[in-house]
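Spelled out, the chains give:
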Amino acid sequence: MTEDDPTDEISDIEDRIERLAEIAERCRKYILASKIAIGSGAALLLITIFGLLGTGQTAALGSIALVLGGIVSLGSNISTLRQTVDAIGAAEARRSALIGTFDLRVVADTPMKLV
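Residues numbered from 1 in each chain as written. Predicted model: local features only at pLDDT ≥ 70, side-chain atom pairs only at ≥ 80, totals over all residues. Heavy atoms only, no water.

Engineer: Even after reading the chapter, I still don't get the overall build of the chain, so can you show me in this structure?
Structural biologist: Counting its regular elements, the chain contains two helices and zero strands. Buried residues in the chain amount to 21% of all 115 residues. Taking all contacts inside the chain whose residues are at least 6 apart in sequence as the whole, residues at least 24 apart take part in 79%. As presented, the chain carries roughly 8,600 Å² of accessible surface, and 61% of it is formed by carbon and sulfur atoms. (Helix = DSSP H or I, 4+ residues; strand = E, 2+ residues; numbered from the N terminus. Buried < 20%, exposed > 50% of the residue type's maximum accessible area, 1.4 Å probe, protein only. Contact = heavy atoms within 4.5 Å. Areas by Shrake-Rupley, 256 points an atom, 1.4 Å probe, with all protein chains shown as cover.)

This is how it looks when you write it as C-alpha cells:
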C-alpha cells in the first residue's frame with residue numbers, strides 16, 4: 001500500500017465521522033438539559049411571582065439566572081450542533097468521492113452455490 005492509499009484516508013474520515021457523531025449526540029443532550037432549565041426556571045419564577053410557596057427574592061433571582069443560563073447554553077449548543085452536522089456532511093461527501101475513485105468491477109462468474 002502506498003502512502004496516498006485512499007482506503008487509509010477513508011478509515012480516517014470514518015473515524016472523524018464517529019467522533020463528530022459523538023459530539024453531536026452530546027450537544028443534543030445539552031440542548032435537552034437547557035430546555036429543561038429554561039422551563040424549570042420559568043416555572044419557579046411564576047411560582048415566586050404568585051407567591052404560591054412562600055419563596056422570596058433569592059428564588060426569583062435564581063429562577064431568572066436559570067432561565068438566562070438555559071438560553072445561553074441552548075444557543076451555544078444549537079450552533080455547535082449545526083456546525084458539527086455540516087462537518088459530518090462534508091466528511092461523508094469526501095468519503096463518497098474517495099469511494100467513487102475506486103475502479104470497481106462486477107464479478108459475473110460467481111458460483112451459484114450461495115443462492
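Following the structure, the description resumes.
Engineer: Looking at this structure, I do not really get helix α2 (residues 57–100). What am I missing?
Structural biologist: Note on helix geometry: an α-helix contains 3.6 residues per turn, so any two residues three or four positions apart are oriented the same way. With 44 residues, α2 ought to run about 64 Å at 1.5 Å a step, and its terminal C-alpha atoms sit 64 Å apart, in line with that. All of the buried residues in α2 are Ala59, Ala60, Ser63, Val67, Gly70, Leu74, Asn77, Leu81, Thr84, Ile88, Ala91 and Leu98. Residues of α2 that are buried sit in contact with α1 (6–50). (Expected span 1.5 Å × (residues − 1).)

Engineer: For this particular structure, what's the right way to read the nonpolar core?
Structural biologist: One broad trend across soluble globular proteins is that nonpolar side chains are buried collectively. Formed by Ile10, Ile13, Ile17, Leu20, Ile88, Ala91 and Leu98, the largest nonpolar core amounts to seven residues. Sorting the residues of this core by element identifies α1 and α2 as the ones contributing at least two each. At four residues, α1 tops the list of elements feeding residues into this core. The residues contacting isoleucine 13, other than those within four sequence positions of it, are Ala91, Arg94, Arg95 and Leu98. Counting five residues, the second largest nonpolar core, distinct from the first, contains Ala24, Cys27, Ile31 and Leu81. (Core = buried A, V, L, I, M, F, W, Y, C linked by side-chain atoms within 4.5 Å.)

Engineer: Can you walk me through a nonpolar patch on the surface in this structure?
Structural biologist: Judged by side-chain polarity, Leu46, Ile49, Phe50, Leu52 and Leu53 come together as a nonpolar surface patch covering roughly 610 Å² of accessible area. Within the secondary structure, leucine 52 sits in the loop between α1 and α2. (Patch = residues over 30% accessible without salt bridge, like charges linked within 9 Å, V, L, I, M, F, W, Y side chains within 5 Å. Salt bridge = Lys/Arg side-chain N within 4 Å of Asp/Glu carboxyl O.)

Engineer: How do you make sense of a negative patch on the surface when you look at a structure like this?
Structural biologist: Residues Asp8, Asp12, Asp15, Glu18 and Glu22 make up a contiguous surface patch of negative charge. Within the secondary structure, aspartate 8 is located in helix α1. Classification of aspartate 8 as partly exposed rests on a relative accessible area of 38%. (Lys, Arg positive; Asp, Glu negative; His and termini not counted. Charge placed at Lys NZ, Arg CZ, Asp CG, Glu CD.)

Engineer: Please clarify how the pattern of salt bridges should be interpreted in this entry.
Structural biologist: A full pass over the atoms with the stated rule returns three salt bridges. As a salt-bridge pair, arginine 94 and glutamate 9 come within 2.9 Å of each other at their nearest N and O atoms. You can see arginine 94 sitting in helix α2 and its partner glutamate 9 sitting in helix α1, a full 85 residues away along the chain. Take glutamate 9: its relative accessible area is 32%, and that puts it in the partly exposed class. The partner of glutamate 25 in a salt bridge is arginine 28, with the nearest N and O atoms 3.9 Å apart. One end of the pair is glutamate 25 and the other is arginine 28, both in helix α1 and three residues apart, which spans about a single turn. The partly exposed category is assigned to glutamate 25, whose relative accessible area is 38%.

Engineer: Explanation requested: the side chain of asparagine 77 in the structure shown.
Structural biologist: Inspection of the secondary structure assignment puts asparagine 77 in helix α2. In terms of polar contacts, asparagine 77 uses its side chain to reach the backbone carbonyl oxygen of serine 73, at 2.9 Å. Not counting the four nearest positions on each side in its chain, asparagine 77 is found in contact with Cys27, Tyr30 and Ile31. (Polar contact = N/O pair within 3.5 Å; in protein donor to acceptor, adjacent residues only side chain to side chain.)

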